[in-house]
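Read off the chains here:
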Amino acid sequence: MNAALILIISIVILLCGYVFYGKWLAEQWGIDPEKSTPAHDMEDGVDYVPAKTPVLMGHHFSSIAGAGPINGPIQAAIFGWIPVLLWVLIGGIFFGGVHDYGALFASMRHQGQSIGEVIEDAMGNLAKKIFIIFGYLTLLLVVAAFSSIVASTFGSTTAAGVAVEGAALLAHQQTAMISLLFIVLAIVFGFLVYRKNMPIGPASAIGVLGIVIIVAIGMNFCPITISYNAWMWILGIYILIASVTPVWILLQPRDYLSSFLLYFMIGVAVIAIIGASIAGQGHLDIPAFAGWQITETNGLFATGSLFPALFVTIACGAISGFHSLVSSGTTSKQIDNEKNARPVAYGSMLIECVVAVISLCAVGFVWHTVNVDKEALAASGLTSPTAVFAGGISQMIGSFVGSDSALVGIIYSMFVLAVSVFCLTSLDTATRLARYMFQEFWLAPDETVQTVKGSKKFLCNPYFATVVTVVLGVGLGMTGYAKIWPLFGAANQLLAAVGLLAVCTWLGKVGKNNKMFYIPMVFMLIVTICSLIQTIMGKIKAIGAGGADIWAYIQAILAALLVILAVVLAIYSFANLAKQSKEKKAA
C-alpha cells in the first residue's frame, strides 16, 4: 500500500471531522463566545492566566502529545495497518475529540476545575472523591513512566545501571544539552511576551531562531555525562519547581515553543512520505490484517488479542484519559474565549491523529527491518518505538536525497529530540495536574483552596501537594519504565472511559445533548475493564506458578483497585443517566 495515499486520505477525513462534527458539537453544547472564561474571572497570575490561542494550543498540543501517538501505533502495527488506521480515524473523530473537547467545555463551566468537580456536580461528593483517587493514581503512573523515559533518553546509563556507549551516548548527551537550553529559551520568551508585551509574531520569530541556535550548540557542545539515577533526581527537582511556578514563566512559553518542534516534525514527515512515494519507495509493507491473536513478538510490538489490546495500545493516537486531565487541569484555566475550545481541544486531538498515521507510515517503511527476531532487531538499532519512528522517517528522506547524506543523520537526531521534548512537557504538566487533584481531594463542596482552615490548609498547600506527588512519582520511576508501562496503558484508557461518563452525566443534568457520549463511554469501559481483568488473571497465574517478583503483586493489586473504582463510578453514572431519562419523560 502507498504511504502517501494513506496519509493524504487520512488528513482529508480528519479535516472533515473537525469542520463538520466539531462544529456540530459546539452547537449542541452551546459554546458561547460572549461568556467570560475562568482565565478572566479568576485570574491570579499563577494558574489562571489568559493565553493567546496559538500559545495555549502549543501548550495543550505539547502536553497531550508526549510519546503516545508514536509508541502506540508502532507497537500495534503487528495487528495490521487496516485495524490501526481505522481506529485512529474513527477513534480520533468520534471518541478522542469528543472526550477532549467535552472535558474542556465542562471544566470551563466549573471555574476551570478538574473533572472531579464536574463529577461532584453531576453525581455527588463521594463520586468525586473516588474519581480523584483514580485520577491521581493514573497521574502518578504518568509521572513515573515519563520521568523514566526522559532519564533513559538523557542518561549515560540505563535504568538497570548498564553503561550507554558510542553513538548512543553522544545522542543522549546532545538531547540532554538541548533540552536544558530549551528551558532557558522558554523563560526568555515568556519574559518578552508577558513582561515586555512583545507581539506574538516577532517573539515567535525570535523563539524559532533561538531553537535553531540551541540545537546547533547542543549538537556540537554537550559535556553532560550523568547517570540514569542522577537524572531522575534532577528531573524530580525540576518538576517540583516547574509545577508551582506561574504558568507564564515556563509552562506556556516552553510548550508553545515545543509545538514548533512538533510542527517541524510533522512537516518533515509529510515531505518524507510524499518524497519517498514519488521516488517509488513510499511503500507500506505491513500486512493489511495480521490476525486476531498475536502470541509472541520480538519485544517491540504488542501481544494479545486484537480486542482489547489494539484499543489499549494505540492510546493517545485515538483517545487518552490523560487528555481530559490536561483539558480540565491547565488548559481550562488559560483559555481566553470559549470559541477557542474547538481548535485547542478538538483540533489538537485530530493533529495527534495525524502524528499517529505518520508513525504507522514510518514503521511500514522499515517493516522488514523491525519485524524480525530479537537478535536481528538489536543489530538494526531500531529497538524502541522512538528509534523506529526517527529511523523510518530519516530513511524515507534518504530514499530521495541519498542514504549516505548527512541530512539523514540530522533528521534522525532531530526526531529523537522532539520526542524527548514532548515527554518532558507531559511530565511537568502531569505533576501540576496531580497537584491540583491532591488539593481538590480534601475540599468540601463549599470550600476552596483559598478558604480552607486547620489541617486542610496544610494538606491543600500547593508545595506540600507537589512534594508528595514528586516523591511518589519519581520514586516509582526509579524502578524503570518497563515495570510501569504495562499497567499505564489500561489505566489511562479506563480514565478516558470515566471522563466520558462524567461529561455525559453532567451534560444530561444541565439539559444538553449528551447522546454522542453513549457509544464511546460504553465501548471504552468494556475495552479497559477486559484488559485489566486479563492483566489480573495473568499476574495471578504467574504468582501461582512461583518465581514472580514483587511487581507482579503490585500490578495485580493496582489493576484490581482500578477496576473496582471504575465500576463504582459507572454505577453512579448510569444511575444518574437513568434518573435524568425518567425525569425527562415525566416532564
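Residues numbered from 1 in each chain as written. Predicted model: local features only at pLDDT ≥ 70, side-chain atom pairs only at ≥ 80, totals over all residues. Heavy atoms only, no water.

A. Structural detail: the pattern of salt bridges. Counting across every chain of the model gives seven salt bridges. One salt bridge connects R109 with E338, and the closest N-O pair in it is separated by 2.8 Å. Of this pair, R109 sits in the loop between helix 5 (81-108) and helix 6 (115-123) while E338 sits in the loop between helix 13 (321-327) and helix 14 (341-365); the two residues are 229 residues apart in sequence, bridging distant segments of the chain. D255 is the partner of R254 in a salt bridge, and the nearest nitrogen-oxygen pair spans 2.4 Å. Given a relative accessible area of 3%, R254 falls into the buried group. Among the charged side chains, a network of salt bridges with common partners joins D47, R432 and R435. (Salt bridge = Lys/Arg side-chain N within 4 Å of Asp/Glu carboxyl O. Helix = DSSP H or I, 4+ residues; strand = E, 2+ residues; numbered from the N terminus. Buried < 20%, exposed > 50% of the residue type's maximum accessible area, 1.4 Å probe, protein only.)

B. Geometry of the side chain of T313. Of note, T313 is situated in helix 12 (residues 306-314). Within the structure, the side chain of T313 is placed 2.7 Å from the backbone oxygen of A309, a separation counted as a polar contact. (Polar contact = N/O pair within 3.5 Å; in protein donor to acceptor, adjacent residues only side chain to side chain.)

C. Expanded view of the side chain of H323. As for its position among the elements, H323 is in helix 13. A residue is classified by how much of its surface remains accessible, and H323, at 0% relative accessible area, is buried. Of the polar contacts made by the side chain of H323, one reaches the side chain of D100; its length is 2.8 Å. Setting aside residues no more than four positions away along its own chain, H323 makes contact with I64, H99, D100, C316, M349 and E352. (Contact = heavy atoms within 4.5 Å.)

D. Representation of the packing of helix 3 (residues 53-65) against helix 14 in the model. Relative orientation of the contacting elements helix 3 and helix 14 amounts to 45°, with a least axis distance of 9 Å. Taken as axis vectors, helix 3 and helix 14 run oblique relative to one another. Of the two elements, helix 3 crosses helix 14, and the hand of that crossing is right-handed. Where helix 3 abuts helix 14, its residues T53, L56, M57, H60, F61, I64 and A65 lie against P343, V344, A345, G347, S348, M349, I351 and E352. Of the residues that constitute the contact of helix 3 with helix 14, the class distribution is 10 nonpolar, four polar and one charged. (Axes fitted to C-alpha atoms, helices over the stretch in contact; angles between N-to-C directions. Parallel < 35°, antiparallel > 145°, perpendicular 65-115°, else oblique. Left-handed = near helix turned anticlockwise from the far one by under 90°. Nonpolar A, V, L, I, M, F, W, Y, C, P; charged D, E, K, R; others polar.)

E. Structural view of a nonpolar patch on the surface. Taken together, I271, F400, V401, L407 and I410 make up a surface patch of nonpolar side chains, about 420 Å² in accessible area. Contributions of two or more residues to the nonpolar patch are made by helix 17 (385-401) and helix 18 (406-441). By the element assignment, V401 lies in helix 17. The class of V401 is partly exposed, set by a relative accessible area of 37%. (Patch = residues over 30% accessible without salt bridge, like charges linked within 9 Å, V, L, I, M, F, W, Y side chains within 5 Å. Areas by Shrake-Rupley, 256 points an atom, 1.4 Å probe, with all protein chains shown as cover.)

F. Structural view of helix 4 (residues 68-76). Within helix 4, nine of the nine residues are buried, which leaves the element mostly enclosed by the surrounding structure. For helix 4, the full list of buried residues reads G68, P69, I70, N71, G72, P73, I74, Q75 and A76.

Everything listed here is a matter of coordinates, which is why it stays silent on function.
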